[in-house]
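# Observations on the model geometry
Each chain is listed here by its residues.
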Amino acid sequence: MRALRILLVVAVVLGGILVGGDRLAAAWAESEVAGRASLAGGRTESVEVDIKGFPFLTQAADKRFGEVEVVARGVHTQAGGKPVRIGELVVDLRDVVVTGDWAGARAGSATGTALISYADLVAASERATAMEYGGPGKVKVTGSVEVLGRKVTRTVVSSVTLVGGDTIKVRADEVPGEGIPLLEDMIRERTDFERPLGRVAGMRVSKVEPRPEGLAVTVTGQDVAIAG
């Protein structure tokens, strides 16, 4: 019995060493990949990588990983030829295969969410002066115009939709005209806008959803490249 107990203790210790070593190797790899990975093709303020699955070492030996999560913050990219900042981009990569001498990788499929703050969305609109959450599918947009030398500011409730498969459209549901000719058209020039996104991190946009913290853009893709 004593010999059996010793054997069990040794097995547990060795198992712990192996698991600990595997996790240490995974942590090192995650740090290395985070320092070199590029999903969005632009400047990124920070990147975190989480390699899922166990054991890590056998996956690394095969250069194939079942699931990898990448969280990029402060992504500066181009959309429709205009700069757009994505506050946070969270991407779940599946069937990741390392290419070459660990110089890059490709994911068989990917899904993710890009969160654009309302301040960044205002900057991208190049028209509105302020924006905030307005309820499910809605935002509140503030715009200002000059009427007979007087500044007129209005806040409208606008619907946010995805058009053409890659373009965010923001349009006021209603603009009070207050009897001033052409005021509605003038206000709409400041509050209504469209911003083409194209492909985000090599993935197509499938949905846009206003949330209290910003505009959530759902993206999906196949055969997504991860540059080293």
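What counts as what
- Residues numbered from 1 in each chain as written.
- Predicted model: local features only at pLDDT ≥ 70, side-chain atom pairs only at ≥ 80, totals over all residues.
- Heavy atoms only, no water.
- Pairing = 2+ DSSP bridges.
- Helix = DSSP H or I, 4+ residues; strand = E, 2+ residues; numbered from the N terminus.
- Axes fitted to C-alpha atoms, helices over the stretch in contact; angles between N-to-C directions.
- Contact = heavy atoms within 4.5 Å.
- Buried < 20%, exposed > 50% of the residue type's maximum accessible area, 1.4 Å probe, protein only.
- Polar contact = N/O pair within 3.5 Å; in protein donor to acceptor, adjacent residues only side chain to side chain.
- Core = buried A, V, L, I, M, F, W, Y, C linked by side-chain atoms within 4.5 Å.
- Salt bridge = Lys/Arg side-chain N within 4 Å of Asp/Glu carboxyl O.

The protein chain is annotated in an unreviewed UniProt entry as DUF2993 domain-containing protein from Streptomyces roseolus.

Spatial strand order, E5-E6-E7-E8-E9: five strands in an open sheet with antiparallel pairing. Whereas interior strands pair on both sides, the edge strands pair on one side only; in this sheet they are strand E5 (130–133) and strand E9 (193–196). For this sheet, the mean inter-axis angle between neighbouring strands, taken without regard to orientation, is 25°. Pairing geometry for strand E7 (residues 150–163) and strand E8 (residues 167–172), over six bridges, is antiparallel. Paired with Val 163 across the two strands is Thr 167, which belongs to E8. Against the sheet, helix H3 (residues 118–125) touches E5, strand E6 (138–147) and E9, its axis set at about 140° to E5. Relative to E6, helix H4 (residues 183–191) is tilted by about 120°, and along the sheet it contacts E6, E7, E8 and E9.

Topologically, Arg 188 is positioned in helix H4. For Arg 188, a relative accessible area of 13% corresponds to the buried category. There is a polar contact of 3.0 Å between the side chain of Arg 188 and the backbone oxygen of Ala 172. Among residues more than four places away in sequence, those in contact with Arg 188 are Arg 171, Ala 172, Asp 173, Glu 174 and Val 175.

One finds Val 68, Leu 89, Leu 93, Val 96, Met 131, Val 200 and Val 217 to be the most contacted residues of the largest nonpolar core, which totals 50 residues. Top element by residues in this core is strand E3 (residues 82–99). It accounts for seven residues. Among residues more than four places away in sequence, those in contact with Val 200 are Ile 86, Leu 89, Ala 114, Val 205 and Val 219.

Looking now at H3. Taking burial as the measure, the eight residues of H3 include six buried ones, the bulk of the element. Every buried residue belonging to H3 is among Tyr 118, Asp 120, Leu 121, Val 122, Ala 124 and Ser 125, and all of these are buried. A positive backbone phi angle near 60° is found at Glu 126, which sits one or two residues after H3.

Another aspect to go through is the pattern of salt bridges. Tallied over the entire structure, the rule returns 10 salt bridges. Residue Glu 184 pairs with Arg 188 through a salt bridge whose shortest N-O separation is 3.2 Å. Taken together, the positions of Glu 184 and Arg 188, both in helix H4 and four residues apart, correspond to about one turn of that helix. Residue class for Glu 184 comes out partly exposed when judged on its relative accessible area of 34%. Several salt bridges converge on common partners, so that one network encompasses Arg 171, Glu 184, Arg 188 and Asp 192.

Relative to the helices and strands, Val 219 is located in strand E11 (residues 214–227). Among the residues examined, Val 219 registers a relative accessible area of 0% and is labelled buried. Taking C-alpha positions, Val 219 is 7.2 Å from Lys 207, a pair spaced 12 residues apart along the chain. When neighbours within four sequence positions are excluded, Val 219 is seen to be in contact with Ala 110, Thr 111, Gly 112, Thr 113, Val 200, Met 203, Arg 204, Val 205 and Ser 206.

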